[in-house]
Amino acid sequence: MLASSQSAVVFTESSVTRRFSLAHSSFWTSVGLIVLAASDAASWHSRDNAIIFSLQLSASVIAAIRAILSLLIPRRPNVYHDGHAVDSEHTVSTLSRLTFTYVASFIRHAGVNKSAISIEDFPQLPRAARSEHLLNTLHPRDQVREDRSLFQAICSAHSGALALQVVLAIAFGLLSFGPQIALYGILRGLEDQSMGSPGVWVAALGMAMFLASSVNSWLWCITYSKLAIPIYSELLALLYSKSMRRKNIQQAKPSSSDENDNGDAETLLESLGDQGQQETINLVTVDTKRISDYASYNHLIPSSVTQLIIACGLLLRLIGWQSLLAGLVANLLVSPLNFYIAKVY
């Protein structure tokens, strides 16, 4: 009854964003109902009660249909900026966003009009991805802080995305060993049944591979869409904003009588101007790209540490501490030679 009332509230809500939030809650309610009905159906099936088993199975099917319908409700109507539609990532339904089907129309249009596609055919960036908003996020106009470094400003502006990146990196490090553990369970189950039925481990193998692949895709999506590309854009906007505020003083051309006296001064001014211009070019072309690349690959640090700890724990259980220590020492001894050879050749 409560689930039916929730469904009625979803379809009678006038606010589209509120309806989307209620549909999201309705999806998780349906998932809970599916789990409860499936567990009850399994227990009644073991008791040979066909009627109650059929009712519980029907409840699971109805809850699954309800969950799918909840994922099909869009978040809001299309939004336009400067006469063009804004990217619909935060406009479409949850299912379309998770499966990336909202870009299918643009990809289809690009495939049909390969030579006629132009910048006007691309959707407008959302507000959170525009350079003005990114610049204000990195360097707020009403909160000028001269004592804060660039690293602190970037970490403060992207603290949520960085925290989610670290959590996903650790989760991927944990899940990356799931297929290996499941395969070990299958082999032990085929040998002596000491770790349960092989069928259970086969199901665990498929689930571990699915979860590891999903978390890895989610991790790279967050890395590029929330960190690498926004950081690169806001640093470019910050550099251009700074260059527009710099003074560019043009001096009058000296007379012929003062040419010899002011020759050294002109040479010095030209060298300083060239040096400042070259410094700006280096910041735009090199340094900002390096900072963006670090934001793209810094998740490998927590992921590698997690994988190293789990690998050492598994090897300690399988081969003992003596063999594990010997392998680690051999790796440490070979690493300097490997680094030297890679650096030279």
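Since the structure is predicted, the reported quantities are computational estimates derived from the model, not experimental observations.

Reading the values: rules and limits
- Residues numbered from 1 in each chain as written.
- Predicted model: local features only at pLDDT ≥ 70, side-chain atom pairs only at ≥ 80, totals over all residues.
- Heavy atoms only, no water.
- Helix = DSSP H or I, 4+ residues; strand = E, 2+ residues; numbered from the N terminus.
- Buried < 20%, exposed > 50% of the residue type's maximum accessible area, 1.4 Å probe, protein only.
- Areas by Shrake-Rupley, 256 points an atom, 1.4 Å probe, with all protein chains shown as cover.
- Expected span 1.5 Å × (residues − 1).
- Arc of directions from axis to C-beta.
- Patch = residues over 30% accessible without salt bridge, like charges linked within 9 Å, V, L, I, M, F, W, Y side chains within 5 Å.
- Salt bridge = Lys/Arg side-chain N within 4 Å of Asp/Glu carboxyl O.
- 1 Å grid on protein atoms, 1.4 Å probe; cavity = no way out; pocket = protein on both sides within 12 Å on 5 of 7 lines; lining within 4 Å.
- Points joined across faces, edges and corners; volume = space filled by probe spheres on them.
- Nonpolar A, V, L, I, M, F, W, Y, C, P; charged D, E, K, R; others polar.
- Axes fitted to C-alpha atoms, helices over the stretch in contact; angles between N-to-C directions.
- Parallel < 35°, antiparallel > 145°, perpendicular 65-115°, else oblique.
- Left-handed = near helix turned anticlockwise from the far one by under 90°.
- Contact = heavy atoms within 4.5 Å.

1. Brief notes about the overall build of the chain
Tallying secondary structure elements over the chain gives twelve helices and two strands in all. Secondary structure of the chain in N-to-C order comes out as α-α-α-β-β-α-α-α-α-α-α-α-α-α. Within the span of the chain, comprising 345 residues, buried residues form 23% of the whole. Summed over its atoms, the accessible surface of the chain is roughly 24,000 Å², and 64% of this surface lies on carbon and sulfur atoms.

2. Considerations on helix H9 (residues 178-192)
With 15 residues, H9 extends 21 Å from end C-alpha to end C-alpha; this agrees with the ideal 21 Å at 1.5 Å per step. All of the buried residues in H9 are Gly178, Pro179, Ala182, Gly185, Ile186 and Gly189. Down the axis, H9 shows its buried residues gathered within 120° of arc, on one side only. A positive phi of about 60° marks Gln193, the residue just after H9.

3. Observations concerning a nonpolar patch on the surface
A cluster of nonpolar side chains, contributed by Leu57, Val61, Ile65, Ile68, Leu69, Leu72 and Leu95, occupies part of the molecular surface with about 590 Å² of accessible area. Per-element accounting of the nonpolar patch gives the leading share, five residues, to helix H3 (residues 50-71). Following the sequence through the fold, Leu57 ends up in helix H3.

4. Some words on the layout of surface pockets
Volume-wise, the largest pocket comes out at about 1,600 Å³. Considering the residues around the largest pocket, the lining is formed by 40 residues, among which Glu89, Arg97, Cys221, Ser225 and Lys226 are closest to the centre. Listed by contribution, the elements that provide at least two residues to the lining of the largest pocket are helix H4 (94-99), helix H6 (131-138), helix H8 (159-175) and helix H10 (198-245). Counting residues per element, the lining of the largest pocket draws most heavily on H10, at 14 residues. The class makeup of the residues in the lining of the largest pocket is 22 nonpolar, eleven polar and seven charged.

5. Here's the deal with the packing of H8 against helix H12 (residues 300-344)
In a pair of packed helices, the angle between the axes and the distance between the axes together describe the arrangement. The N-to-C vectors of H8 and H12 enclose an angle of 30°; their axes lie 8 Å apart at closest approach. Judged by the angle between their axes, H8 and H12 are roughly parallel. In terms of crossing hand, the pair formed by H8 and H12 is right-handed. Facing Ala169, Ile170, Phe172, Gly173 and Leu174 of H8, the residues of H12 in contact are Pro302, Ser303, Thr306, Gln307 and Ile310. Its residues assigned to classes, the contact of H8 with H12 shows six nonpolar, four polar and no charged.

6. Quick notes on unusual backbone geometry
Negative phi characterises most residues that are not glycine, and trans characterises most peptide bonds. Phi is positive for Asp82, close to 55°, though the residue is something other than glycine. Relative to the elements of secondary structure, Asp82 occurs in the loop between strand E1 (80-81) and strand E2 (84-85). When its relative accessible area of 63% is taken as the criterion, Asp82 is described as exposed. Here the phi dihedral of Phe100 falls at roughly 60°; this positive angle occurs in a residue that is not glycine. With respect to the helices and strands, the residue Phe100 is situated in the loop between H4 and helix H5 (104-112). Phe100 sits in the partly exposed class, given a relative accessible area of 48%.

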